[in-house]
Amino acid sequence: MDILVCVKRVPDTAENEFELNGAGNDLDRDDLVYSVNEWDNYAVEEAIQIVDKVGGSVTVITVGDDESEEVLRREMAMGANSGILLSDDAFEGSDGKGIAAILKAEIEKGSYDLILSGAQADEGAGQVGGMLAAMLDYPYASLVNKIDIVDDKKINVGREIEGGNQEMNEIQLPCVLSIQTGINEPRYVGIRGIRKVAKLEIPIKGADDLGIDAGSVGDAGAKTKRVDYFVPDMGDGAEMLEGSTDEIIEKLIERLKAKGGL
Amino acid sequence: MSSIIGPASYKLFGFFPTVILSFILPIIGIGLFAYIMARRAAPLVRAAPDDRFNAIGKRIKNLVVIWLGQFRQPRYMLAGVLHIFIFAGFLILSIRSTSLVVIGLSDGFVLPGFGGWLGSVYNFIKDYAATFVLIACIVAAIRRGIYKPQRYAVPEKYGKDHTSEAVFVLGIIATLMISESLFEASELAYAFQHTGQEHFLAPLSLVWIFKAMLSPASQQFLQGLHIFMYFVHDVTFFFFLCFLPLGKHFHVITSIFNVFFMRVQKGNIKPVQHGIKDEELDDLESFGVKKLEDFTWKHMLDFYSCADCGRCSDQCPANACGRPLSPRFITIKARDLMFKNYPLSGEIYKSDLLVEDIYTEDEIWSCTTCGACEEECPLGIEYIDKMVDMRRGMVDEGMVPQSLQKPLKALEKRGNPYGKMEKKRADWAKDKEFKASHTIKDLGKESADTLYFVDSITSYDDNLQEVARRTSIILEKAGVDFGILGKGEKDSGNEVLRFGEEMLYQDLKEQNTEAILESGVKQIVTADPHAYNALKNDYKGLPLVRHISQVVAEKITTGELDLKPCQDKDKVYVYHDPCYLGRHNGIYEDPRQALDAIDGLTRVELEKSRDRSFCCGGGGLMLFYEPEEETRMGVLRVNMAAEAGANVIVTACPFCLVNIQDAIKVAGKEGEIEALDFTELIESHLN
């Protein structure tokens, strides 16, 4: 089974302290560290486990700048066989539909049985997988937390339903799935693993290579635009406790006691 | 007939010369033994290299103290003393056993030099040796067979009980002692009956008793007994020799080598592969121990040498708190695997991944590398390097628990396991109150004699930043010209190395080494024993590294630090030895001296202290690991302190402080007992 996993390089939530930039329209991106989007990492692990069981190959793909190559290498160190970087100045500022269109152009050049993406990435929109499936005219399942390979024509995929129930659906291949965290336990990738794949060639493809009209993607083609980015004002009933950890705990306990919570 | 006929001249049933037996038995025995040993050596030949021919002086000292002197035995008094008797008896009787083999071929054979007074003295001593060995065997058998001390029990998941083998061997040893004594006693009784001449014998020795018992026996009986006992001894002797390499009594043969080759340096971790320099690590195909043959030959010798005494597991804090780790069975399971994969005959089997075959991942992650097991082992068996080697193998295979992946990635990206910003590493010094009266030099910009290496937890943990501030105040008071590296400092990597992420450790080490050497300091001081250990024992080419307790003890002696009388005289203090300060680096007295310099401070000792200190739960990455366990190690430790009658636990390690503070809450002892860092106690008593 030939599997393609779409990944994204995002600011690492665990290792950053987020602050807004001076203009107030984005994060202050100096001093941020980046890594692969957590959901995508689960998707790659799942792809590797499927290939370990039934054979085939795993390709990781991303739309991004030169630095995005780092996340492709990390996923290749995990066990993905090859990587593709889709990078072009024309891609910058693409909205979800733009990203899906860029991915679609490359996917059509190959032949993949299964396309995986993370359920969502740093912006929380969770839109690329679904749009990609529609553009390719493939079936789509979102928030997948279990994959059983039936044969080379169809697979069963699971999804957790509100309340803790589980449903399983049969889906025809080729298809697109968006993967939920917790589907597996992604393996560890150390510095040594990344160095081992440091010399592997990763092709970089631009708008011309993909045969995309530069005006249809990127800023130029984006039909959704971010107009604001802010920390919400504190509403009524919300209050931030301040002080050292101990002081905060003390204040919290006091409040809980006062309101009869303890 | 003038005297008894020896086995070299005796004719069984009047025609069969028994000398044939005394010739064939040693040939079969030694031949078989040589074959078994050759098969046993097979895995060692395929093992990874190990560098054990350095520091010969220290090795000889270990041989004299730990092997010949049995110095570690009395740490378990009864078992230890029994062992010393049996061990000493074996050494003494080995001469007698050798000459007995030859006596079977040549009547009245005496080893060269043992003809005159030396022989008489030797005989006197060996008669008592045999007697004491027999008594020790009987006591040991009663102990093993009837009282069954808990430490020998084999939990079901680890296989079947080992008592029968132990008692069987005690029986063999007893047979050797009795047959040797009866062989001699029958000859002497015979001679006495014949000549009436009394031969001097060690009073109340086994031979003396047997001779007295045999004096009324007929000459024919004595002659028969004499020959029979010779061959009982001969057969038992060679059977025992060949039986030794088949189980836990292999240590009788291997112990001398195992102790000679044991670890001579403390606190450090073995290189990934001996003979491979750090720069060459990238060229290695595979990392760490994944399969049996990836262990070094010394580590395999360890497996062969284990006497199954259970002291390691008895001291192991992970075992005590119910984690799935018992060091004893790390060894026993590996030895069983060696015996299975390298059988005495037939083909050698291919090994599988150890963590799938005989160990579990949790078993290997459960170790805090506290070193209690190694400190205890009378045979010098190592565990920490093996754990680290197996973790290196797991990291290489990507088998790292999710709970550890985040901090490892943060260490890679930010140089600390919390993923906090590098530029905030020195934020502890920006505390308003502290900043008002103290300035800390940044060695990135200024210079100083001494570097205060803060390390991650003390730099970033809200509560532990207090340790950094107090350490600074102590250094200032002591007149030390010091500074910090600030954002130039990375995690020391003590646990990164010990958790098997070698390349990440190498990265951290390089960055720190460069920053430290660039700062031009003449010495390094730290209040974190884990940092102290890594900088001192794992890093190379750094200036002198000292722990704050050493500085304090020294400055008190020189009078540069002066302490007030104890501010809380009603309290009872107890000092908890951090593993990486005590066991791994031998610093036991400095912190105690400093505490005792506080006038009027009442200090008690924990029963488990100094080199028997009990780990609080582990530091560094161990704080992130989520082990399966019944209770927390720290809770056990807090209970020990409570039993010792203490209400203040003083420790000199930030990780100990965190673990013990948490454990006090879990144990429900808040208000009864408190934990205090060494620097806090000292700083609050500065004059």
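What counts, and where the lines are drawn
Residues numbered from 1 in each chain as written. Chains lettered and ligands numbered in written order. Predicted model: local features only at pLDDT ≥ 70, side-chain atom pairs only at ≥ 80, totals over all residues. Helix = DSSP H or I, 4+ residues; strand = E, 2+ residues; numbered from the N terminus. Buried ≥ 20, exposed ≤ 12 C-beta atoms within 10 Å, placed from the backbone. Contact = placed C-beta atoms within 7 Å. Pairing = 2+ DSSP bridges. Axes fitted to C-alpha atoms, helices over the stretch in contact; angles between N-to-C directions. Core = buried A, V, L, I, M, F, W, Y, C linked by C-beta atoms within 7 Å. Expected span 1.5 Å × (residues − 1). Parallel < 35°, antiparallel > 145°, perpendicular 65-115°, else oblique. Nonpolar A, V, L, I, M, F, W, Y, C, P; charged D, E, K, R; others polar. pLDDT = per-residue confidence, 0-100.

Peer 1: So what exactly am I meant to see when it comes to the overall build of chain A here?
Peer 2: A count of helices and strands for chain A gives eight helices and 11 strands. Seen along its three principal axes, the alpha-carbon backbone of chain A occupies a region of about 65 × 45 × 40 Å. Buried positions account for 38% of the 262 residues belonging to chain A. In chain A, the share of contacts with a sequence separation of at least 24, taken over all contacts with a separation of at least 6, comes to 70%.

Peer 1: Honestly, the interface of chain A and chain B in this entry has me stumped. Any pointers?
Peer 2: Quite often, the size of an interface is put as the accessible area lost when its parts meet. Every contact between the two is made by 17 residues of chain A and, on the other side, 21 residues of chain B. For the side of chain A that touches chain B, the leading source of residues is helix α5 (residues 191-196) of chain A, giving three residues.

Peer 1: Just to check I follow, could you spell out the pairing of strand β7 (residues 140-149) of chain A for this structure?
Peer 2: Every regular strand shows the same layout, with side chains that alternate between the two sheet faces. In this structure, β7 of chain A lies alongside strand β10 (residues 175-179) of chain A, joined through three bridges in parallel fashion. The partner of V144 of chain A across the bridge, within β10 of chain A, is I179 of chain A.

Peer 1: So what exactly am I meant to see when it comes to the sheet that holds strand β11 (residues 674-677) of chain B here?
Peer 2: Strand pairing in a sheet is mediated by backbone hydrogen bonds. Such pairs are either parallel or antiparallel. Residues and elements named next belong to chain B. Taken together, the four strands give an open sheet; going across it, the order is β9-β8-β10-β11, and neighbouring strands pair in parallel fashion. Among the strands making up the open sheet, the edge pair consists of β9 (602-604) and β11. Pairwise comparison of adjacent strand axes, ignoring direction, gives a mean angle of 35° for this sheet. Where strand β10 (residues 648-651) meets β11, four bridges bridge the pair, whose relative direction is parallel. Bridge assignment links T651 to a residue of β11, and that residue is D677. Where helix α27 (residues 654-666) meets the sheet, its contacts fall on β8 (572-576), β10 and β11, and the angle it forms with β11 comes to roughly 170°.

Peer 1: Is there a simple way to think about the nonpolar core in this case?
Peer 2: Grouped burial of nonpolar side chains is what soluble globular proteins tend to show. Formed by 201 residues in total, the largest nonpolar core has its most connected members in V5 and V44 of chain A. Aside from chain neighbours lying at most four places away, what touches V44 of chain A is V5, V7, V58, V60, E75, M78 and A80 of chain A. In terms of nonpolar packing, the next biggest core, distinct from the first, is built from 39 residues, V169, A189, L225 and F238 of chain B among them.

Peer 1: Please explain helix α1 (residues 38-54) of chain A as it appears in this structure.
Peer 2: For an α-helix the count is 3.6 residues per turn, leaving residues at separations of three or four pointing the same way. Residues and elements named next belong to chain A. With 17 residues, α1 extends 25 Å from end C-alpha to end C-alpha; this agrees with the ideal 24 Å at 1.5 Å per step. Three or more residues of α1 are buried, namely W39, D40, N41, Y42, A43, V44, E45, E46, A47, I48 and I50. Among the residues trailing α1, G55 stands out with phi positive, at a value near 85°.

Peer 1: Can you walk me through the packing of helix α2 (residues 56-68) of chain B against helix α8 (residues 251-260) of chain B in this structure?
Peer 2: The relative placement of two packed helices is expressed as an angle between their axes plus a distance between the axes. Residues and elements named next belong to chain B. Where α2 contacts α8, the two axes come as close as 8 Å, and the packing angle between them is 135°. Classified by the angle between their axes, α2 and α8 sit oblique to one another. On the side of α2, the interface is formed by R59, N62, L63, I66 and W67, while α8 contributes S255, I256, V259 and F260. The residue inventory of the contact of α2 with α8, partitioned by class, reads six nonpolar, two polar and one charged.

Peer 1: For this particular structure, what's the right way to read the sheet that holds strand β5 (residues 82-86) of chain A?
Peer 2: Residue and element names in this part refer to chain A. The strand order across the open sheet formed by nine strands is β9-β8-β7-β10-β6-β1-β4-β5-β11, and the pairing between neighbours is mixed. The open sheet is flanked by β9 (165-172) and β11 (204-205), the only strands paired with a single partner. In terms of strand pairing, strand β6 (residues 114-118) meets β10 through five bridges, oriented parallel. Opposite G118, over in β10, you have I179 as the bridge partner. Relative to β6, α1 is tilted by about 150°, and along the sheet it contacts β1 (2-6), β4 (57-63), β6, β7 and β10. On the sheet, helix α3 (residues 96-107) packs against β1, β4, β5, β6 and β11 and is oriented at approximately 140° with respect to β4.

Peer 1: Hey, could you run me through helix α23 (residues 529-538) of chain B in this one?
Peer 2: Residue and element names in this part refer to chain B. Counting buried positions along α23 yields eight of 10 residues, so the element is predominantly enclosed. What α23 keeps buried is the set P529, H530, A531, Y532, N533, A534, L535 and K536. Elements that come into contact with the buried residues of α23 comprise β4 (450-453), α21 (494-498), β6 (523-526), β7 (544-547) and α27.

Peer 1: Hey, could you run me through the confidence of the model for chain B in this one?
Peer 2: Across chain B, pLDDT averages 95, with 100% of residues at or above 70. At the level of chain-chain contacts, confidence expressed as ipTM amounts to 0.86, with global pTM at 0.93.

Peer 1: Could you clarify how one ought to interpret unusual backbone geometry in this entry?
Peer 2: Note: most peptide bonds trans; most residues except glycine with negative phi. With an omega of -5°, the peptide bond between L173 of chain A and P174 of chain A qualifies as cis. Inspection of the secondary structure assignment puts P174 of chain A in the loop between β9 and β10. Residues other than glycine seldom take positive phi values, yet A55 of chain B does so here, at roughly 45°. Residue position: A55 of chain B is located in the loop between α1 (19-46) and α2.

Peer 1: Where do I start with the environment of V10 of chain A in this structure?
Peer 2: All names here are of chain A. Within the fold, V10 resides in strand β2 (residues 9-11). A count of 20 C-beta atoms within 10 Å places V10 in the buried class. Between the alpha carbons of V10 and E123 there is a distance of 9.1 Å; along the sequence they are 113 residues apart. For V10, the residues in contact, after removing those within four places along its chain, are Y34, N37, A121 and D122.

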